[in-house]
Amino acid sequence: MNYYFMRFPSVLKKALQSERIIFPECIMIKYEPLIAYRGIRIIPDSKITVTKEDFKSQVERNLPGTNFDDIGNYSCSCFMDMAELKAAFKLPRKNKGIAVGLIRDNYGPYILEDDSSHIHWFLYDGVDPSSDFKVIKDE
Amino acid sequence: MSKKWINLKEIGMLFIEIVLIQFDIPLLFVCNDSIGNRYLVLCVDEEYGEYIAILAGVDLLINMLTNKISMDMAFKQSKDKNVIYISYDFTNKCFVMKKGKSKEIPENYLPDAGACFEISNDKITKYIENIKIYSISINQEINIYYSKFKFEKVVQLTVDSFYGHIFDENKVIKINRIRKISQHKIVDNIVEKDELENELNFSNMNNKNTMEGCICQLAVY
(Lines give C-alpha, C1' and ligand atoms only; values in the text may rest on other atoms or scores of the structure.)
Protein backbone atom coordinates (compact mmCIF):
# COMPACT_ATOMS: atom_id res chain seq x y z
CA MET A 1 0.00 0.00 0.00
CA ASN A 2 2.88 2.34 0.75
CA TYR A 3 3.90 2.10 -2.88
CA TYR A 4 0.37 3.07 -3.89
CA PHE A 5 0.52 6.14 -1.64
CA MET A 6 3.47 7.40 -3.68
CA ARG A 7 1.04 8.19 -6.49
CA PHE A 8 -0.66 11.01 -4.57
CA PRO A 9 0.33 14.66 -4.15
CA SER A 10 2.90 15.26 -1.46
CA VAL A 11 0.52 16.47 1.26
CA LEU A 12 -1.83 13.51 0.84
CA LYS A 13 1.01 11.04 0.48
CA LYS A 14 2.54 12.20 3.76
CA ALA A 15 -0.80 12.06 5.58
CA LEU A 16 -1.36 8.49 4.38
CA GLN A 17 2.15 7.33 5.15
CA SER A 18 1.99 8.75 8.66
CA GLU A 19 -1.53 7.32 9.09
CA ARG A 20 -2.81 10.76 9.92
CA ILE A 21 -5.63 9.74 7.62
CA ILE A 22 -6.59 6.28 6.42
CA PHE A 23 -8.41 5.31 3.26
CA PRO A 24 -11.58 3.42 4.18
CA GLU A 25 -12.24 -0.03 2.77
CA CYS A 26 -15.04 1.32 0.61
CA ILE A 27 -12.64 3.36 -1.51
CA MET A 28 -13.05 2.67 -5.23
CA ILE A 29 -9.76 2.28 -7.03
CA LYS A 30 -10.74 0.44 -10.22
CA TYR A 31 -14.07 1.56 -11.63
CA GLU A 32 -15.99 2.52 -14.72
CA PRO A 33 -16.15 6.25 -15.56
CA LEU A 34 -18.82 8.16 -13.65
CA ILE A 35 -20.61 11.32 -14.68
CA ALA A 36 -20.20 13.90 -11.94
CA TYR A 37 -20.53 17.60 -11.26
CA ARG A 38 -17.89 19.80 -9.70
CA GLY A 39 -18.30 23.27 -8.27
CA ILE A 40 -15.67 25.61 -9.65
CA ARG A 41 -14.76 29.27 -9.49
CA ILE A 42 -15.62 31.34 -12.54
CA ILE A 43 -14.27 34.83 -13.07
CA PRO A 44 -16.26 36.66 -15.75
CA ASP A 45 -14.10 37.94 -18.63
CA SER A 46 -11.01 36.12 -17.44
CA LYS A 47 -11.61 32.57 -16.22
CA ILE A 48 -14.59 30.85 -17.75
CA THR A 49 -13.16 27.42 -18.49
CA VAL A 50 -12.21 24.46 -16.33
CA THR A 51 -8.55 24.24 -15.35
CA LYS A 52 -6.39 21.90 -13.32
CA GLU A 53 -6.58 24.40 -10.44
CA ASP A 54 -10.31 23.71 -10.13
CA PHE A 55 -9.59 20.22 -8.84
CA LYS A 56 -7.36 21.15 -5.93
CA SER A 57 -8.39 19.88 -2.51
CA GLN A 58 -9.00 22.12 0.47
CA VAL A 59 -5.69 20.96 1.92
CA GLU A 60 -3.80 21.77 -1.27
CA ARG A 61 -5.38 25.21 -1.28
CA ASN A 62 -4.36 25.56 2.37
CA LEU A 63 -7.50 27.48 3.23
CA PRO A 64 -7.91 28.95 6.71
CA GLY A 65 -9.58 26.49 9.04
CA THR A 66 -8.62 23.37 7.12
CA ASN A 67 -8.60 20.31 9.37
CA PHE A 68 -5.64 18.19 8.32
CA ASP A 69 -7.04 15.19 10.21
CA ASP A 70 -10.18 15.08 8.07
CA ILE A 71 -9.80 12.82 5.05
CA GLY A 72 -12.52 14.74 3.22
CA ASN A 73 -10.33 17.82 3.10
CA TYR A 74 -7.74 15.96 1.01
CA SER A 75 -10.22 15.21 -1.76
CA CYS A 76 -11.81 17.01 -4.65
CA SER A 77 -15.56 17.12 -3.97
CA CYS A 78 -17.88 16.14 -6.81
CA PHE A 79 -21.55 15.27 -6.93
CA MET A 80 -23.61 12.82 -8.91
CA ASP A 81 -26.73 14.93 -8.35
CA MET A 82 -26.33 18.47 -9.67
CA ALA A 83 -29.18 19.72 -7.46
CA GLU A 84 -26.91 19.43 -4.43
CA LEU A 85 -24.46 21.84 -6.06
CA LYS A 86 -27.06 24.22 -7.41
CA ALA A 87 -28.16 25.07 -3.88
CA ALA A 88 -24.83 26.84 -3.45
CA PHE A 89 -25.85 29.44 -6.01
CA LYS A 90 -28.20 30.93 -3.44
CA LEU A 91 -25.31 31.58 -1.05
CA PRO A 92 -23.24 34.75 -0.85
CA ARG A 93 -19.96 33.61 -2.36
CA LYS A 94 -20.22 34.66 -6.00
CA ASN A 95 -18.43 33.69 -9.21
CA LYS A 96 -19.52 30.10 -8.97
CA GLY A 97 -19.79 27.69 -11.84
CA ILE A 98 -20.67 24.05 -12.30
CA ALA A 99 -18.63 21.75 -14.49
CA VAL A 100 -19.79 18.34 -15.61
CA GLY A 101 -17.46 15.58 -16.64
CA LEU A 102 -16.18 12.10 -16.11
CA ILE A 103 -14.54 10.74 -13.03
CA ARG A 104 -12.05 8.16 -14.28
CA ASP A 105 -9.94 5.72 -12.34
CA ASN A 106 -6.76 6.81 -14.10
CA TYR A 107 -7.13 10.15 -12.30
CA GLY A 108 -7.58 8.64 -8.85
CA PRO A 109 -9.80 6.66 -6.46
CA TYR A 110 -13.03 7.92 -4.93
CA ILE A 111 -15.32 7.43 -1.94
CA LEU A 112 -19.08 7.88 -2.25
CA GLU A 113 -20.51 9.47 0.89
CA ASP A 114 -23.39 7.62 2.56
CA ASP A 115 -26.90 8.93 1.91
CA SER A 116 -25.95 11.65 -0.57
CA SER A 117 -24.39 11.92 -3.99
CA HIS A 118 -21.21 13.50 -2.65
CA ILE A 119 -18.03 11.96 -4.03
CA HIS A 120 -14.60 12.44 -2.49
CA TRP A 121 -12.17 12.12 -5.38
CA PHE A 122 -8.50 11.68 -4.51
CA LEU A 123 -6.50 12.74 -7.54
CA TYR A 124 -3.11 11.26 -8.27
CA ASP A 125 -0.18 13.63 -8.38
CA GLY A 126 0.21 15.53 -11.64
CA VAL A 127 -3.05 14.46 -13.30
CA ASP A 128 -5.26 17.02 -14.96
CA PRO A 129 -8.91 15.98 -15.43
CA SER A 130 -9.93 19.39 -16.80
CA SER A 131 -10.12 18.15 -20.41
CA ASP A 132 -12.85 15.73 -19.32
CA PHE A 133 -14.96 18.53 -17.82
CA LYS A 134 -16.87 21.48 -19.23
CA VAL A 135 -18.73 24.39 -17.64
CA ILE A 136 -22.48 24.05 -17.83
CA LYS A 137 -23.70 26.69 -15.43
CA ASP A 138 -22.33 29.92 -14.09
CA GLU A 139 -23.41 33.10 -12.43
CA MET B 1 -18.53 11.48 13.55
CA SER B 2 -18.21 15.16 14.37
CA LYS B 3 -15.07 16.71 13.00
CA LYS B 4 -13.05 19.54 14.40
CA TRP B 5 -13.55 22.80 12.59
CA ILE B 6 -12.02 25.81 14.34
CA ASN B 7 -11.24 27.03 17.81
CA LEU B 8 -12.59 30.37 18.98
CA LYS B 9 -11.30 31.96 22.17
CA GLU B 10 -14.80 32.90 23.35
CA ILE B 11 -16.58 29.65 22.44
CA GLY B 12 -13.93 26.98 22.32
CA MET B 13 -13.58 24.24 19.77
CA LEU B 14 -16.34 23.93 17.19
CA PHE B 15 -17.12 20.59 15.61
CA ILE B 16 -18.86 20.13 12.28
CA GLU B 17 -22.03 18.12 12.82
CA ILE B 18 -23.26 18.10 9.25
CA VAL B 19 -22.41 19.82 5.99
CA LEU B 20 -25.66 21.00 4.43
CA ILE B 21 -24.38 22.62 1.27
CA GLN B 22 -21.01 21.72 -0.16
CA PHE B 23 -19.56 23.34 -3.26
CA ASP B 24 -15.82 22.95 -3.77
CA ILE B 25 -15.68 23.37 0.02
CA PRO B 26 -18.41 23.28 2.71
CA LEU B 27 -20.46 26.48 2.43
CA LEU B 28 -23.38 25.92 4.81
CA PHE B 29 -23.03 23.63 7.80
CA VAL B 30 -24.01 23.01 11.41
CA CYS B 31 -21.46 23.03 14.22
CA ASN B 32 -21.55 22.10 17.87
CA ASP B 33 -19.54 23.49 20.74
CA SER B 34 -18.42 21.37 23.67
CA ILE B 35 -21.53 22.11 25.74
CA GLY B 36 -24.03 21.08 23.10
CA ASN B 37 -24.95 24.40 21.49
CA ARG B 38 -25.64 24.25 17.78
CA TYR B 39 -24.51 26.90 15.33
CA LEU B 40 -25.64 27.36 11.75
CA VAL B 41 -22.59 28.52 9.83
CA LEU B 42 -22.29 30.12 6.42
CA CYS B 43 -19.08 30.64 4.48
CA VAL B 44 -18.85 34.16 3.12
CA ASP B 45 -15.32 34.04 1.72
CA GLU B 46 -13.18 30.94 2.17
CA GLU B 47 -9.96 32.56 0.95
CA TYR B 48 -10.09 35.09 3.78
CA GLY B 49 -11.70 32.67 6.21
CA GLU B 50 -14.85 34.75 6.62
CA TYR B 51 -17.97 33.13 8.04
CA ILE B 52 -21.12 34.09 9.86
CA ALA B 53 -22.68 31.86 12.52
CA ILE B 54 -25.82 31.97 14.58
CA LEU B 55 -26.94 30.01 17.60
CA ALA B 56 -29.56 27.69 16.16
CA GLY B 57 -32.26 25.75 17.94
CA VAL B 58 -33.64 22.48 16.63
CA ASP B 59 -36.89 24.08 15.51
CA LEU B 60 -35.09 26.71 13.49
CA LEU B 61 -32.93 24.11 11.76
CA ILE B 62 -35.85 21.85 11.00
CA ASN B 63 -37.90 24.75 9.67
CA MET B 64 -35.07 25.75 7.37
CA LEU B 65 -34.32 22.20 6.21
CA THR B 66 -37.98 21.56 5.47
CA ASN B 67 -38.31 24.87 3.59
CA LYS B 68 -40.75 26.41 6.06
CA ILE B 69 -38.45 29.39 6.37
CA SER B 70 -35.88 30.67 3.92
CA MET B 71 -32.17 30.40 4.64
CA ASP B 72 -31.69 34.14 5.06
CA MET B 73 -34.61 34.22 7.48
CA ALA B 74 -33.02 31.44 9.51
CA PHE B 75 -29.92 33.59 10.01
CA LYS B 76 -32.05 36.55 11.04
CA GLN B 77 -33.91 34.43 13.60
CA SER B 78 -30.98 33.46 15.76
CA LYS B 79 -31.88 31.91 19.10
CA ASP B 80 -30.15 34.71 21.03
CA LYS B 81 -30.80 37.39 18.37
CA ASN B 82 -27.06 37.65 17.73
CA VAL B 83 -24.80 36.82 14.85
CA ILE B 84 -21.16 35.91 15.12
CA TYR B 85 -18.79 37.26 12.47
CA ILE B 86 -15.84 34.93 12.18
CA SER B 87 -12.68 35.82 10.29
CA TYR B 88 -9.15 34.56 10.05
CA ASP B 89 -6.37 36.62 11.57
CA PHE B 90 -3.51 35.90 9.19
CA THR B 91 -1.00 37.64 11.47
CA ASN B 92 -1.70 35.54 14.53
CA LYS B 93 -2.87 32.53 12.51
CA CYS B 94 -6.12 32.03 14.37
CA PHE B 95 -9.82 32.66 13.93
CA VAL B 96 -11.36 35.62 15.70
CA MET B 97 -14.97 36.59 16.21
CA LYS B 98 -17.15 39.55 16.94
CA LYS B 99 -20.84 39.68 17.70
CA GLY B 100 -23.58 41.69 16.05
CA LYS B 101 -27.34 41.70 15.84
CA SER B 102 -28.77 38.99 13.63
CA LYS B 103 -31.35 41.37 12.21
CA GLU B 104 -28.57 43.65 11.03
CA ILE B 105 -26.55 41.18 8.98
CA PRO B 106 -25.57 42.88 5.71
CA GLU B 107 -27.41 41.49 2.70
CA ASN B 108 -24.16 40.49 0.99
CA TYR B 109 -23.38 38.18 3.92
CA LEU B 110 -26.68 36.33 3.60
CA PRO B 111 -28.18 33.74 1.25
CA ASP B 112 -30.41 35.22 -1.44
CA ALA B 113 -33.52 36.80 0.03
CA GLY B 114 -36.33 34.27 0.25
CA ALA B 115 -34.25 31.36 -1.09
CA CYS B 116 -35.10 28.05 0.53
CA PHE B 117 -32.77 25.15 1.23
CA GLU B 118 -34.58 22.71 -1.08
CA ILE B 119 -32.07 19.85 -0.90
CA SER B 120 -33.75 16.56 -0.25
CA ASN B 121 -31.77 13.37 0.24
CA ASP B 122 -31.42 10.59 2.80
CA LYS B 123 -28.66 12.41 4.61
CA ILE B 124 -30.86 15.43 5.31
CA THR B 125 -33.91 13.30 6.15
CA LYS B 126 -31.96 11.26 8.69
CA TYR B 127 -30.39 14.35 10.17
CA ILE B 128 -33.82 15.90 10.76
CA GLU B 129 -35.02 12.71 12.44
CA ASN B 130 -31.95 12.58 14.63
CA ILE B 131 -32.09 16.14 15.91
CA LYS B 132 -35.75 15.67 16.81
CA ILE B 133 -34.54 13.33 19.55
CA TYR B 134 -33.26 16.50 21.19
CA SER B 135 -36.74 17.07 22.54
CA ILE B 136 -37.13 13.69 24.21
CA SER B 137 -39.20 14.08 27.35
CA ILE B 138 -38.58 13.26 30.96
CA ASN B 139 -38.38 9.64 32.04
CA GLN B 140 -38.39 8.15 28.62
CA GLU B 141 -36.26 5.11 28.39
CA ILE B 142 -33.33 5.43 26.13
CA ASN B 143 -30.79 2.95 24.97
CA ILE B 144 -27.20 3.91 24.87
CA TYR B 145 -25.08 1.74 22.70
CA TYR B 146 -21.38 1.54 23.18
CA SER B 147 -20.68 -0.17 19.91
CA LYS B 148 -17.11 0.43 18.81
CA PHE B 149 -16.54 2.18 22.11
CA LYS B 150 -13.96 0.86 24.47
CA PHE B 151 -15.97 -2.33 24.64
CA GLU B 152 -18.93 -3.64 22.69
CA LYS B 153 -21.68 -3.06 25.22
CA VAL B 154 -25.24 -1.92 25.56
CA VAL B 155 -26.45 0.17 28.44
CA GLN B 156 -30.10 0.87 29.07
CA LEU B 157 -30.93 3.84 31.22
CA THR B 158 -33.99 5.58 32.45
CA VAL B 159 -33.09 9.13 33.20
CA ASP B 160 -34.93 11.81 35.09
CA SER B 161 -33.98 14.47 32.68
CA PHE B 162 -32.53 14.31 29.30
CA TYR B 163 -31.03 16.86 27.04
CA GLY B 164 -29.22 15.65 24.09
CA HIS B 165 -28.78 15.07 20.50
CA ILE B 166 -27.45 12.50 18.13
CA PHE B 167 -25.00 13.58 15.55
CA ASP B 168 -25.51 10.71 13.22
CA GLU B 169 -28.17 8.24 12.32
CA ASN B 170 -26.47 5.24 13.80
CA LYS B 171 -25.72 4.19 17.30
CA VAL B 172 -25.38 6.51 20.22
CA ILE B 173 -21.86 6.50 21.48
CA LYS B 174 -20.76 9.38 23.57
CA ILE B 175 -22.20 10.40 26.90
CA ASN B 176 -21.14 13.85 27.90
CA ARG B 177 -22.74 14.00 31.26
CA ILE B 178 -25.40 12.23 33.24
CA ARG B 179 -26.93 14.19 36.06
CA LYS B 180 -29.43 11.78 37.51
CA ILE B 181 -30.41 8.25 36.75
CA SER B 182 -33.45 6.71 38.31
CA GLN B 183 -32.98 3.25 36.90
CA HIS B 184 -30.38 1.63 34.89
CA LYS B 185 -29.60 -1.70 33.46
CA ILE B 186 -26.19 -2.44 32.19
CA VAL B 187 -25.77 -5.30 29.88
CA ASP B 188 -22.37 -6.68 30.56
CA ASN B 189 -20.74 -4.81 33.40
CA ILE B 190 -18.64 -2.14 31.86
CA VAL B 191 -19.87 0.84 33.79
CA GLU B 192 -20.75 0.65 37.46
CA LYS B 193 -23.86 2.33 38.70
CA ASP B 194 -21.82 4.46 41.08
CA GLU B 195 -19.76 5.80 38.27
CA LEU B 196 -22.81 6.88 36.36
CA GLU B 197 -24.40 8.50 39.38
CA ASN B 198 -21.24 10.40 40.07
CA GLU B 199 -21.78 12.36 36.90
CA LEU B 200 -19.01 10.59 35.16
CA ASN B 201 -17.86 12.72 32.32
CA PHE B 202 -16.94 10.65 29.34
CA SER B 203 -16.03 13.54 27.15
CA ASN B 204 -12.35 13.12 27.91
CA MET B 205 -12.56 9.68 26.31
CA ASN B 206 -12.76 11.28 22.94
CA ASN B 207 -9.49 9.99 21.66
CA LYS B 208 -8.36 7.35 19.28
CA ASN B 209 -7.93 4.66 21.91
CA THR B 210 -11.42 4.72 23.27
CA MET B 211 -13.57 6.46 20.72
CA GLU B 212 -12.39 4.84 17.55
CA GLY B 213 -15.29 4.47 15.20
CA CYS B 214 -17.40 6.89 17.24
CA ILE B 215 -20.26 7.99 15.08
CA CYS B 216 -22.71 9.72 17.36
CA GLN B 217 -22.90 11.85 20.40
CA LEU B 218 -25.48 11.98 23.12
CA ALA B 219 -25.52 14.45 25.91
CA VAL B 220 -27.54 13.60 28.97
CA TYR B 221 -27.99 16.20 31.70
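Placed above this text is the structure.
Residues numbered from 1 in each chain as written. Chains lettered and ligands numbered in written order. Predicted model: local features only at pLDDT ≥ 70, side-chain atom pairs only at ≥ 80, totals over all residues. Heavy atoms only, no water.

### A look at the pairing of strand β1 (residues 3-8) of chain B
Residues and elements named next belong to chain B.
Thinking step 1. Bridge analysis of β1 against strand β2 (residues 12-22) gives 4 bridges, and the strand direction is antiparallel. The residue of β2 that forms the bridge with Lys-4 is Phe-15.
Thinking step 2. Adjacent in sequence and paired antiparallel, β1 and β2 are bridged by 3 residues. (Pairing = 2+ DSSP bridges. Helix = DSSP H or I, 4+ residues; strand = E, 2+ residues; numbered from the N terminus.)

### A few points about the pattern of salt bridges
Thinking step 1. Throughout the structure, instances matching the rule amount to 14 salt bridges over all chains.
Thinking step 2. Linking Lys-90 of chain A and Glu-118 of chain B is a salt bridge whose minimum nitrogen-to-oxygen distance equals 2.9 Å. Of this pair, Lys-90 of chain A sits in the loop between α4 (82-86) and β3 (96-103) while Glu-118 of chain B sits in the loop between β7 (94-101) and α3 (122-132), each in a different chain.
Thinking step 3. Within the structure, one salt-bridge network assembled from shared partners comprises Arg-41 and Arg-61 of chain A together with Asp-24, Glu-46 and Glu-47 of chain B. (Salt bridge = Lys/Arg side-chain N within 4 Å of Asp/Glu carboxyl O.)

### Regarding the sheet that holds strand β5 (residues 50-55) of chain B
Residues and elements named next belong to chain B.
Thinking step 1. In space, the 7 strands of this open sheet follow the order β1-β2-β3-β4-β5-β6-β7, with antiparallel pairing throughout. Each edge of the open sheet is held by one strand with a lone partner, namely β1 and β7. Across the sheet, the mean angle separating the axes of adjacent strands is 35° when strand polarity is ignored.
Thinking step 2. Looking at chain direction, β5 and strand β6 (residues 82-89) are connected through 3 bridges and run antiparallel. Looking across to β6, one finds that Tyr-51 is bridged to Ile-86.
Thinking step 3. Its contacts with the sheet place helix α1 (residues 58-65) against β2, β3 (26-32), β4 (38-45) and β5, and it is angled at close to 50° to β4.
Thinking step 4. Along the sheet, α3 contacts β2, β3 and β4; its crossing angle with β2, the most-contacted strand, is approximately 135°. (Axes fitted to C-alpha atoms, helices over the stretch in contact; angles between N-to-C directions. Contact = heavy atoms within 4.5 Å.)

### Digging into the pairing of strand β1 (residues 34-41) of chain A
All names here are of chain A.
Thinking step 1. The element β1 is extensively covered by neighbouring structure, given that 6 of its 8 residues are classed as buried.
Thinking step 2. As defined by bridge partners, β1 adjoins β3 across 8 bridges and the pair is classed as antiparallel. Pairing of Arg-41 across the sheet is with Lys-96, part of β3. (Buried < 20%, exposed > 50% of the residue type's maximum accessible area, 1.4 Å probe, protein only.)

### Looking at the packing of α1 of chain B against α3 of chain B
The packing of two helices is summarised by the inter-axis angle and the distance between the axes.
Residue and element names in this part refer to chain B.
Thinking step 1. Across the interface, α1 lies against α3 with an axial gap of 10 Å and an inter-helix angle of 160°. With respect to their mutual orientation, α1 and α3 come out roughly antiparallel. Where α1 crosses over α3, the two elements pack in a sense that is left-handed. The segment α1 lies against α3, with Val-58, Leu-61, Ile-62 and Leu-65 engaging Ile-124, Tyr-127, Ile-128, Ile-131 and Lys-132.
Thinking step 2. In the contact of α1 with α3, the residues fall into 8 nonpolar, no polar and 1 charged. (Parallel < 35°, antiparallel > 145°, perpendicular 65-115°, else oblique. Left-handed = near helix turned anticlockwise from the far one by under 90°. Nonpolar A, V, L, I, M, F, W, Y, C, P; charged D, E, K, R; others polar.)

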